[in-house]
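Okay, here's what each chain looks like letter by letter:
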Amino acid sequence: MLNKKSVDDINVKGLKVLCRCDFNVPLKNGEITDENRLVAALPTIKKLIADGGKIILCSHLGKVKTEEDKKKNTLAPVAKRLSELLGQEVKFAADPEVVGANAKAAVAAMQDGDVILLENTRYRAEETKNGDAFSEELASLADVFVNDAFGTAHRAHCSNVGVTKYIDTCAVGYLMQKEIDFLGNAVENPVRPFVSILGGAKVADKLNVISNLLEKCDTLIIGGGMAYTFLKAKGYEVGTSLCDDSKIEYCKEMIEKAEKLGKNLYLPIDTVVTKSFPDPIDAEIAVKTVPSNEIPADMMGMDIGEKTRELYADAVATAKTVVWNGPMGVFENPILAKGTIAVAKALAETDATTIIGGGDSAAAVNQLGFGDKMTHISTGGGASLEFLEGKELPGVAAANDKD
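All figures in this text were calculated on a predicted structure; none of them were measured in a lab.

1. A word on the sheet that holds strand β12 (residues 270-274)
In step 1: Taken in spatial order, the three strands line up as β13-β12-β14 in an open sheet, and their pairing is antiparallel. Edge positions in the sheet fall to β13 (288-291) and β14 (300-304), since each has one partner strand and no second. When strand polarity is set aside, the average angle formed by the axes of neighbouring strands in this sheet is 45 degrees.
In step 2: Sheet analysis places β12 next to β14, joined by four bridges and oriented antiparallel. Note that in β14 the partner of V273 across the bridge is G301.
In step 3: Against the sheet, helix α10 (residues 306-317) contacts β12 and β14, and its axis sits at roughly 40 degrees relative to β14.

Laid out in structure tokens, this is it:
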């Protein structure tokens, strides 16, 4: 079990706190178009303010390769919006080198409870290389480090891992704590029966997740584009469906592994097929449902069929813990979203602990209006997947363990 020091275990009164957040928000002409990540960061920031700390926020935003990227991906609009959300000024330190004259002067002038925001950490090329010099500069501003950026926890960068070499007290914020509690510990130590549902387009993205979850769960359910490689591994015709021929042997091994471990591995028993991919993606389209072993050679599978929806919903109904990552079909199209909706509905109606593993499934659950019915929706993409693979995440490992 991961047992990390959290913001509730430390007292930062009068101390300078470097707090790494995930402010990687979408911007259009300098305006923030989705502020979910800012709102999610508020509880940790407010706790540090209430304690009387001096809070120095930092984050990356987008990729920064050119001078043009720097203009486009400045965190200035984030400081402005955070000031409004917090109801107090968040002073922006506009240093191209991130830790420059502005940042140092702003930190020196801080009173207890003040908040400043540093410029995009990726303005420094060495941020993503975890270079010592930049890590040490960031650390020199603070007495305590708090990491609340789960989205980058699977990467070892200066602002989330490097700094911990130079600061003694390193804790996790509330967002990180929640991810550790649910994604990390629910998978390592689940209340059973434990059902995992994996979907999405590519088998290749989820190889290690499939293998790890098969060992941990009681039932593994496969849907989405990756199901067709499994169906082909069983010797079925999959028509023009998405299929990764290089992974057929792997899928055979996983089917055998499930049998050997005595686990239930559910594949679609019927499939919604179309002649071609909808263009545009939400265009009206003619569909029919066929048994999964009778997909016509000139058609492609686009969603799980009605019988499969019932089978999957029944498996969820008896579960105590459910982890779901990846949609069951092309959910962006209303006609092909029925499988994903059925699974989301089943999760919404169960008393089990329901954990949505980030990425497309998080988007699907929120868009379909089931977000508030889930126990936990992970904020990570790649980080969520690596947690489900059972990997140690550098950003989590770098925090102190509880005393």
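2. Looking at the packing of helix α7 (residues 207-216) against helix α9 (residues 248-261)
In step 1: In the contact formed by α7 and α9, the axes pass within 10 Å of each other and the chain directions differ by 10 degrees. Here α7 lies roughly parallel to α9, going by the angle between them. In contact with L207, N208, I210, S211, L214 and E215 of α7, α9 contributes Y250, M254, K257, A258 and L261.
In step 2: Taken together, the residues of the contact of α7 with α9 break down into seven nonpolar, two polar and two charged.

3. A word on the sheet that holds strand β5 (residues 90-93)
By way of backbone hydrogen bonds, the strands of a sheet pair with one another, either parallel or antiparallel.
In step 1: An order of β5-β6-β4-β1-β7-β8 is seen for the six strands of this open sheet, with the pairing classed as parallel. Because the sheet does not close on itself, it has two edges, and the strands there are β5 and β8 (169-172). When strand polarity is set aside, the average angle formed by the axes of neighbouring strands in this sheet is 25 degrees.
In step 2: Relative to strand β6 (residues 115-118), helix α4 (residues 101-108) is tilted by about 165 degrees, and along the sheet it contacts β1 (16-20), β4 (54-58), β5 and β6.

4. Structural notes on a positive patch on the surface
In step 1: Where like charges cluster on the molecular surface, the positive patch consists of K63, K65, K129 and R155.
In step 2: Along the chain, the position of R155 falls in the loop between β7 (144-147) and β8.

5. Side note on the pattern of salt bridges
In step 1: According to the stated counting rule, one finds 22 salt bridges in the structure shown.
In step 2: For D51, the salt bridge goes to K47, with nearest N and O atoms at 2.6 Å.
In step 3: Taking relative accessible area as the criterion, K47 reaches 17% and is therefore assigned buried.
In step 4: What you see here is one network of salt bridges that share partners, running through E35, R81 and E84.

6. Topic: the pairing of strand β9 (residues 194-198)
In step 1: Judged by how many residues are buried, β9 sits mostly within the fold: five of five residues are covered.
In step 2: The side-chain alternation of β9 yields two buried faces, one formed by F194, S196 and L198 and the other by V195 and I197.
In step 3: For the crossover that starts at β9, traverses α7 and ends in the parallel strand β10 (residues 219-222), the hand is right-handed.

7. Some details on the side chain of E127
In step 1: In this structure, E127 sits in the loop between β6 and α5 (132-140).
In step 2: For the buried E127, no salt bridge is present, and the opposite-charge side chain at shortest range is R20, 4.0 Å distant.
In step 3: Those residues in contact with E127, other than ones at most four positions away along the chain, are R20, T121, R122, F134, H157, C158 and S159.

8. Focus on the pairing of β5
In step 1: Pairing of β5 with β6, which is carried by four bridges, proceeds in the parallel orientation. By the bridge assignment for β6, A93 is matched with L118.
In step 2: Regarding topology, α4 serves as the crossover connection from β5 to the parallel β6, and that connection is right-handed.

9. Digging into the environment of G358
In step 1: Within the fold, G358 resides in the loop between β16 (353-356) and α12 (359-367).
In step 2: Residue classification places G358 among the buried positions, given a relative accessible area of 2%.
In step 3: Distance in space between the C-alpha atoms of G358 and S378 is 4.6 Å, their sequence separation being 20 residues.
In step 4: Every residue in contact with G358, bar those within four places of it in the chain, is listed here: N325, S378, G380 and S384.

About the cut-offs
- Residues numbered from 1 in each chain as written.
- Predicted model: local features only at pLDDT ≥ 70, side-chain atom pairs only at ≥ 80, totals over all residues.
- Heavy atoms only, no water.
- Pairing = 2+ DSSP bridges.
- Helix = DSSP H or I, 4+ residues; strand = E, 2+ residues; numbered from the N terminus.
- Axes fitted to C-alpha atoms, helices over the stretch in contact; angles between N-to-C directions.
- Contact = heavy atoms within 4.5 Å.
- Parallel < 35°, antiparallel > 145°, perpendicular 65-115°, else oblique.
- Nonpolar A, V, L, I, M, F, W, Y, C, P; charged D, E, K, R; others polar.
- Patch = residues over 30% accessible without salt bridge, like charges linked within 9 Å, V, L, I, M, F, W, Y side chains within 5 Å.
- Areas by Shrake-Rupley, 256 points an atom, 1.4 Å probe, with all protein chains shown as cover.
- Salt bridge = Lys/Arg side-chain N within 4 Å of Asp/Glu carboxyl O.
- Lys, Arg positive; Asp, Glu negative; His and termini not counted.
- Charge placed at Lys NZ, Arg CZ, Asp CG, Glu CD.
- Buried < 20%, exposed > 50% of the residue type's maximum accessible area, 1.4 Å probe, protein only.
- Right-handed = clockwise from strand over helix to strand, strands pointing away.

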